[in-house]
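Examination of the molecular architecture
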Amino acid sequence: MWTMPENEEPGRPVVRVTRRYRFSASHRLHAPELSAERNREVYGKCNNPYGHGHDYVMDVTLRGPLDARLGRLVSVDQLDQFVRCTIVDAFDRRNLNLDVPEFATLVPTTENLALVAAHRLAAAWPLAFPGSPALPEKVRIWETPRNIFQVFVANSEPFRVMDESARRHAAPTKESR
Amino acid sequence: MLITRRIDFSASHTCYNPALSDSQNRALYGSEAHPHGHGHNYVLEVTLAGSPDPVTGMIVDLKDVKQWLEEEVVEPMDHRHLNHEVPPFDRVVPTTENLTVEIWRRLQPRFEGTPARLAGIRLYETEDLYVDYAGE
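Cut-offs used in this document
Residues numbered from 1 in each chain as written. Chains lettered and ligands numbered in written order. Predicted model: local features only at pLDDT ≥ 70, side-chain atom pairs only at ≥ 80, totals over all residues. Helix = DSSP H or I, 4+ residues; strand = E, 2+ residues; numbered from the N terminus. Buried ≥ 20, exposed ≤ 12 C-beta atoms within 10 Å, placed from the backbone. Contact = placed C-beta atoms within 7 Å. Nonpolar A, V, L, I, M, F, W, Y, C, P; charged D, E, K, R; others polar. Pairing = 2+ DSSP bridges. pLDDT = per-residue confidence, 0-100. Expected span 1.5 Å × (residues − 1). Bend = angle between axes of the 7 residues up to and from the residue. Core = buried A, V, L, I, M, F, W, Y, C linked by C-beta atoms within 7 Å. Axes fitted to C-alpha atoms, helices over the stretch in contact; angles between N-to-C directions. Parallel < 35°, antiparallel > 145°, perpendicular 65-115°, else oblique. Left-handed = near helix turned anticlockwise from the far one by under 90°.

Across its full length, chain B carries 4 helices and 5 strands. Its helices and strands in sequence order give chain B the pattern β-α-β-α-β-α-α-β-β, from N to C terminus. For chain B, the spread of C-alpha atoms along the three principal axes comes to 60 × 25 × 25 Å. Each of the 136 residues in chain B was classed as buried or not, and the buried ones make up 31%. Here the contacts in chain B between residues at least 6 apart in sequence split such that 69% fall between residues at least 24 apart.

This part covers the interface of chain A and chain B. Each partner contributes to the interface: chain A provides 22 residues, whereas chain B provides 26 residues. Where the side of chain A that touches chain B is concerned, the elements lending two or more residues are β1 (14-27) and α2 (76-91) of chain A. Residues belonging to the side of chain A that touches chain B are distributed by class as follows: 12 nonpolar, 4 polar and 6 charged. In this structure, β1(A) lies alongside strand β5 (residues 129-133) of chain B, joined through 5 bridges in antiparallel fashion. Paired with A:Arg16 across the strands is B:Asp132, a residue of β5(B).

Further remarks concern the environment of A:Ile141. All names here are of chain A. Along the chain, Ile 141 turns up in strand β4 (residues 135-144). A sequence separation of 84 residues divides Ile 141 from Val 57, and the C-alpha atoms of the two residues are 5.6 Å apart. Residues contacting Ile 141, with those up to four places away along its chain left out, are Tyr 56, Met 58, Thr 110, Leu 113, Ala 114, Ala 117 and Phe 149.

Before going further, it helps to examine the confidence of the model for chain A. All names here are of chain A. Per-residue pLDDT for chain A has a mean of 86; in total, 82% of the residues score no lower than 70. Every residue in residues 1-9 scores below 50 in pLDDT, and together they form 12 contacts with partners more than four places removed in sequence or on other chains. In the predicted structure, residues 165-177 sits below a pLDDT of 50 and forms 21 contacts with residues beyond four places in sequence or in another chain.

A word on helix α2 (residues 62-77) of chain B. Residues and elements named next belong to chain B. Between its terminal C-alpha atoms α2 stretches 21 Å, which fits the 22 Å expected from 16 residues at 1.5 Å a residue. At Glu 70, α2 shows its strongest bend, of approximately 45 degrees. Burial in α2 covers these residues: Val 65, Leu 69, Val 73 and Met 77. Taken together, the buried residues of α2 touch β1 (2-13), β2 (38-49), β3 (80-81), α3 (82-85) and α4 (96-107). Immediately beyond the C-terminal end of α2, within one or two residues, lies His 79, with a positive phi of roughly 55 degrees.

Our focus in this paragraph is the pairing of β2(B). Sheet topology places β1(B) next to β2(B); 12 bridges connect them, and they run antiparallel. Among the inter-strand pairings, B:Ile3 is bridged to a residue of β2(B), identified as B:Leu48.

Residues and elements named next belong to chain B. Bridge analysis of β2 against strand β4 (residues 117-126) gives 7 bridges, and the strand direction is antiparallel. In the strand pairing of β4, Val 46 is matched with Ile 121. Here β4 runs beside β5; their pairing, made up of 5 bridges, is antiparallel. If you follow Leu 123 over to β5, its bridge partner there is Val 131.

Here the focus is the nonpolar core. Note on soluble globular proteins: their nonpolar side chains tend to be buried together. Grouped together as the largest cluster of nonpolar side chains are 37 residues, with contacts concentrated most on A:Val15, B:Leu44, B:Ile103, B:Ile121 and B:Leu123. Elements with a contribution of two residues or more to this core: β1 of chain A together with α1 (22-29), β2, α2, α4, β4 and β5 of chain B. Counting residues in hydrophobic clusters, the runner-up holds 32 residues, among them A:Leu96, A:Val100, A:Phe103 and A:Ala117.

A cis amide bond links B:Pro87 to the next residue, B:Pro88, at an omega of 10 degrees. Tracing the chain through its elements places B:Pro88 in the loop between α3 and α4. The backbone of A:Arg93 sits at a positive phi, close to 55 degrees, despite the residue not being glycine. Phi at B:His79 takes a positive value of approximately 55 degrees, unusual for a residue other than glycine. Relative to the helices and strands, B:His79 resides in the loop between α2 and β3.

We now examine the packing of α2(B) against α4(B). Residue and element names in this part refer to chain B. Direction vectors running N to C along α2 and α4 enclose 135 degrees, while the axes themselves pass 10 Å from each other. With respect to α4, the axis of α2 lies oblique. As for the relative orientation of α2 and α4, their crossing is right-handed in sense. Residues Trp 68, Glu 72 and Val 73 of α2 form the contact with α4, whose participating residues are Ile 103, Arg 106 and Leu 107. Per-class residue counts for the contact of α2 with α4 are 4 nonpolar, no polar and 2 charged.

In structure tokens:
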């Protein structure tokens, strides 16, 4: 049986904790470098001029060594408050193109949305959880129940809001979402 | 190849560490720290790795897996108060993180010497909060 003597330093199991959040937002997919005709070809219905919305679901996964005496990677209430301030409040009931500064220069595909969310988490994490051995590992966003996008936070680091090549790279395939 | 088996069990718990102050407990465990406990419908996903046997076409007999999960998890934990009835949670705070690690420690020996390796487990406390552990 697993025992946890009070004065003994336990081996720390590495666990992942995933918390789910939801937000509803509108967006329009339109790349200013492309012609109106090409935008319609690339983005299909998602290019309709007044935009459209989704009920997004976002899983945030943390990874870190667990202090079994506390039993919590981080306080769930504190994590909720952090994710709300950093991401959910900025995205929920918003027009992503107009209300989220990153998307002034970036097409709000859900690829880019996941990158922006991961980047915001990584940037603000050390301030909110200084010295915590737990770190955000990945972000997974359901745009609809059928379209799911996952990004590892470590891979969101090179992401730059003004990066033209990243913007082109993030252009989705022809099929309509 | 990976196969995943899902089971569920319902249990009550409270997350309170007597070594911490009341305010520290509230800060760390939030509403989970209420002293009289509360319950969850836990869902456990057990993922096994292996190669199908050329004759049976199976990695492992899932009847055996079902029985091991029943004996190690469901029978001792279902409709129980974890703090009062399921050691080591008389001494260890039964957070989802600790419960996940404990379930791994109970299950892992059952797969030693079998064709299936325990690759990872995922425990959902609610559909919005789950913990993964792979023996790291």
